[in-house]
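Examining the three-dimensional arrangement
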Amino acid sequence: MIRLYHFPLSPFCRKVRLTLAEKRLEVELIEERYWEPSPDFLRRNPAGKVPVLRIENKVLSESQAICEYLEEAYPNPQLMPRDMDMRFEVRRLCAWFDDKFHAEVTSKLLYERVNKKIMAHGNPDSKAVKSGAGRIKYHLDYLGWLLDQRRWLAGDVMTLADLTAAAHLSCLDYISDVDWHRSATVKDWYAKIKSRPSFRTLLADQVSGFPPPQHYADLDF
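As the structure is a prediction and not an experimental result, all values here were calculated from the model.

Our next topic: helix α4 (residues 84–118). Taking 1.5 Å per residue as the helical rise, α4 with its 35 residues ought to reach 51 Å, whereas the 42 Å between its terminal C-alpha atoms falls clearly short. The largest bend in α4 comes to about 75 degrees, at histidine 102. For α4, the side-chain oxygen to backbone nitrogen distance between the N-cap and aspartate 85 is 3.1 Å, and the N-cap itself is aspartate 83. With its phi angle positive at about 60 degrees, alanine 120 sits one or two positions after the end of α4.

This is how it looks when you write it as structure tokens:
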């Protein structure tokens, strides 16, 4: 049995969930209130972060490391290209979203609007929200520029880069913070991923106190 300790609106957890689903691996999802870590959870990951994946007798942490482990352990279907230069591009884009996009957008919108309330950390910082709402436009434009040159983000086939980007955007779409009218190219790309069977469990997520908008689970959004 594979177990994933996760939080539904964590883009890093969603990235691992998408990878597991693309590889058709059955997983038991265990929701973890990581901001109130239990001694058992801290034994699994002293960093006190999600996701944490338990597979056989191994306990794995850090989303990128987990996904690359899964890619090596279960190589089909392939989510990392064999070509060295293309693998570099996939890793670069994964880092773009997990680091730059997360710092400039996800943390400013999702964490301010949702996580603060759930964690009882006070009210949203309006300056942070305004900053995130401004910066997401730049990132959507960059996505559009990439997709004008490529079929998928890193090249001609879907890779972990697409799953990583979709994981972040899906969290923001849950709170209606993505302007899909800004780029028809980006919207079409997201619609292709959103329609994949691997996305079904994400579209069924419900966070108490924060119902998703009607378009969130609509494949023809």
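And the narrative resumes.
Our next topic: the side chain of glutamate 112. If you trace the backbone, glutamate 112 turns up in helix α4. Within the structure, glutamate 112 has its side chain in polar contact with the backbone nitrogen of aspartate 125 (distance 2.7 Å).

On to the sheet that holds strand β4 (residues 58–61), then. An order of β2-β1-β3-β4 is seen for the four strands of this open sheet, with the pairing classed as mixed. Each end of this open sheet is capped by a strand with a single partner; those strands are β2 (27–31) and β4. Within this sheet the neighbouring strands show an average axis-to-axis angle of 20 degrees, counted without direction. In this structure, strand β1 (residues 2–6) lies alongside strand β3 (residues 52–55), joined through four bridges in antiparallel fashion. What sits directly across from leucine 4, in β3, is leucine 53. Sheet strands touched by helix α1 (residues 11–22): β1, β2 and β3. Its angle to β1, the strand with the most contacts, is close to 160 degrees. Running at roughly 130 degrees to β4, helix α3 (residues 63–73) makes contact with β3 and β4 of the sheet.

Here the focus is the pattern of salt bridges. Across all of its chains, the model carries 18 salt bridges by this definition. Note that glutamate 28 and arginine 3 form a salt bridge whose closest N and O atoms lie 3.0 Å from each other. On the criterion of sequence distance, the pair formed by glutamate 28 in strand β2 and arginine 3 in strand β1 is long-range, its members being 25 residues apart. For arginine 33, the salt bridge goes to glutamate 36, with nearest N and O atoms at 3.2 Å. Judged by its relative accessible area of 40%, arginine 33 falls in the partly exposed class. Judged by its relative accessible area of 48%, glutamate 36 falls in the partly exposed class.

Bringing the packing of aromatic side chains into the picture now. Applying the stated criterion to the full structure yields 13 aromatic pairs. With 5.2 Å between their ring centres and 45 degrees between their planes, phenylalanine 97 and phenylalanine 101 make a pair best called tilted. One end of the pair is phenylalanine 97 and the other is phenylalanine 101, both in helix α4 and four residues apart, which spans about a single turn. Exposure class is identical for phenylalanine 97 and phenylalanine 101. Each is buried. An aromatic cluster of at least three residues, connected via ring pairs, comprises Trp180, Trp189, Tyr190, Phe199 and Phe221. Above the face of the tyrosine 138 ring, arginine 135 is positioned so that its terminal group lies 4.6 Å from the ring centre. Here the basic side chain of lysine 192 rests over the ring of tryptophan 152, its NZ or CZ set 4.1 Å away from the ring centre.

Calculation notes
Residues numbered from 1 in each chain as written. Predicted model: local features only at pLDDT ≥ 70, side-chain atom pairs only at ≥ 80, totals over all residues. Heavy atoms only, no water. Helix = DSSP H or I, 4+ residues; strand = E, 2+ residues; numbered from the N terminus. Expected span 1.5 Å × (residues − 1). Bend = angle between axes of the 7 residues up to and from the residue. Polar contact = N/O pair within 3.5 Å; in protein donor to acceptor, adjacent residues only side chain to side chain. Pairing = 2+ DSSP bridges. Axes fitted to C-alpha atoms, helices over the stretch in contact; angles between N-to-C directions. Contact = heavy atoms within 4.5 Å. Salt bridge = Lys/Arg side-chain N within 4 Å of Asp/Glu carboxyl O. Buried < 20%, exposed > 50% of the residue type's maximum accessible area, 1.4 Å probe, protein only. Phe/Tyr/Trp six-rings, centres within 6.5 Å; stacked < 30°, edge-to-face > 60°. Lys NZ or Arg CZ within 6 Å of the ring centre and 35° of its normal.

Interpretation in functional terms is not warranted from these geometric data alone.
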